[in-house]
Amino acid sequence: MATVLLITPSTAADPFPPLTLLPHTIAIKSPRDQVLTESAGADVILIDARRDLGAAKNLCHMFATAGVGIPRLIILSEGGLATYSGAWECDDFLAESASPAEIETRLRLATSPQEGATTRVTAGGVVIDEAAYSVWLDDNPLDLTYTEFELLKFLAAHPGRVFSREQLLDEVWGYDYYGGTRTVDVHVRRLRAKLGPEHEALIGTVRNVGYRFTVR
């Protein structure tokens, strides 16, 4: 049994009926309450975005910025599903039509450590979700190859640190890679092209040394 913090602007006594059919302890709070403090005793946080998508997204970002590590799930209406992305910085979502069985499964997955679980890297407006193998930049998905993904993930996980081409080959391509360092330059160039003119500077060149991820 988990302790669930439901943050909702609804004033109804039962704002998300399927949840009450499950054997969990539920605390219901308004977004106007001190939800950061209230979250301290929760196992999972549900953020209701059915009425106000913008406010709910800001709430997700507030928890992320505060470094709150409690799993967060967003509740979305059918129309709101199209707006959801990795940039929301939530661990999962629930459709408002979800059955109690589906809700229970998602809560269990969110609160149970998963073998081989991966993390999310957020830096410079880039959100890298290792579990979903996806990258979002300013709410827009980036279509990256496997190596481009791994290269960006590695650099973004160490913002500001300079890596030589040889180090990047070892870390991203592996010690058994026999190609030359030129391949690093090629992949950096492709990554910058996909990041676009406004964001290509995220991958900075340090002359005669290598590359680094630059957080503006």
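Owing to the predicted nature of the structure, the values given are computational and were not obtained by experimental measurement.

### Looking at the environment of Leu5
Next up, step 1: By secondary structure assignment, the location of Leu5 is in strand β1 (residues 3-7).
Next up, step 2: Residues Leu5 and Ser99, spaced 94 residues apart in sequence, show a C-alpha to C-alpha distance of 19 Å.

### Re the side chain of Asp48
Next up, step 1: Mapped onto the elements, Asp48 comes out in strand β3 (residues 44-48).
Next up, step 2: Once residues within four sequence positions are removed from consideration, Asp48 is found in contact with Ile7, Thr8, Pro9, Ala56 and Ile75.

### Notes on helix α7 (residues 182-195)
Next up, step 1: Compared with an ideal rise of 1.5 Å per residue, which puts 14 residues at 20 Å, α7 spans 20 Å between its outermost C-alpha atoms and is within 8% of the ideal.
Next up, step 2: Buried residues of α7: Thr183, Val184, Asp185, Val186, His187, Val188, Leu191 and Leu195, and no others.
Next up, step 3: Among the structural elements, β8 (134-137), α5 (146-156), α6 (165-173), β11 (203-206) and β12 (210-213) are those in contact with the buried residues of α7.
Next up, step 4: Positive backbone phi, approximately 90°, marks Gly196, located one or two places after α7.

### So, the sheet that holds strand β6 (residues 120-123)
Next up, step 1: Sheet architecture is open: four strands sit in the order β6-β7-β8-β9, paired in antiparallel fashion. Of all strands in the sheet, those bounded by a partner on one side alone are β6 and β9 (140-141).
Next up, step 2: The pairing of β8 with β9 spans two bridges and is antiparallel. Bridge pairing in β9 places Trp136 opposite Pro141.

### Notes on the packing of α6 against α7
Next up, step 1: Running from N to C, α6 and α7 cross one another at 75°; their axes reach a closest spacing of 9 Å. Taken together, the axes of α6 and α7 are roughly perpendicular relative to one another. Facing α6, whose interface residues are Arg165, Leu168, Leu169 and Trp173, α7 presents Thr183, Val184, Asp185 and His187.
Next up, step 2: In the contact of α6 with α7, the residues fall into four nonpolar, two polar and two charged.

### Brief notes about the sheet that holds β11
Next up, step 1: The three strands lie next to each other as β10-β12-β11, forming an open sheet whose pairing is antiparallel. Two strands bound the open sheet, and with one partner strand each, they are β10 (163-164) and β11.
Next up, step 2: Note: β11 against β12, four bridges, orientation antiparallel. Paired with Ile203 across the bridge in β12 is Phe213.
Next up, step 3: Strands β10, β11 and β12 of the sheet are contacted by α5, whose axis makes an angle of about 70° with β12.

Cut-off values and rules
Residues numbered from 1 in each chain as written. Predicted model: local features only at pLDDT ≥ 70, side-chain atom pairs only at ≥ 80, totals over all residues. Heavy atoms only, no water. Helix = DSSP H or I, 4+ residues; strand = E, 2+ residues; numbered from the N terminus. Contact = heavy atoms within 4.5 Å. Expected span 1.5 Å × (residues − 1). Buried < 20%, exposed > 50% of the residue type's maximum accessible area, 1.4 Å probe, protein only. Pairing = 2+ DSSP bridges. Axes fitted to C-alpha atoms, helices over the stretch in contact; angles between N-to-C directions. Parallel < 35°, antiparallel > 145°, perpendicular 65-115°, else oblique. Nonpolar A, V, L, I, M, F, W, Y, C, P; charged D, E, K, R; others polar.

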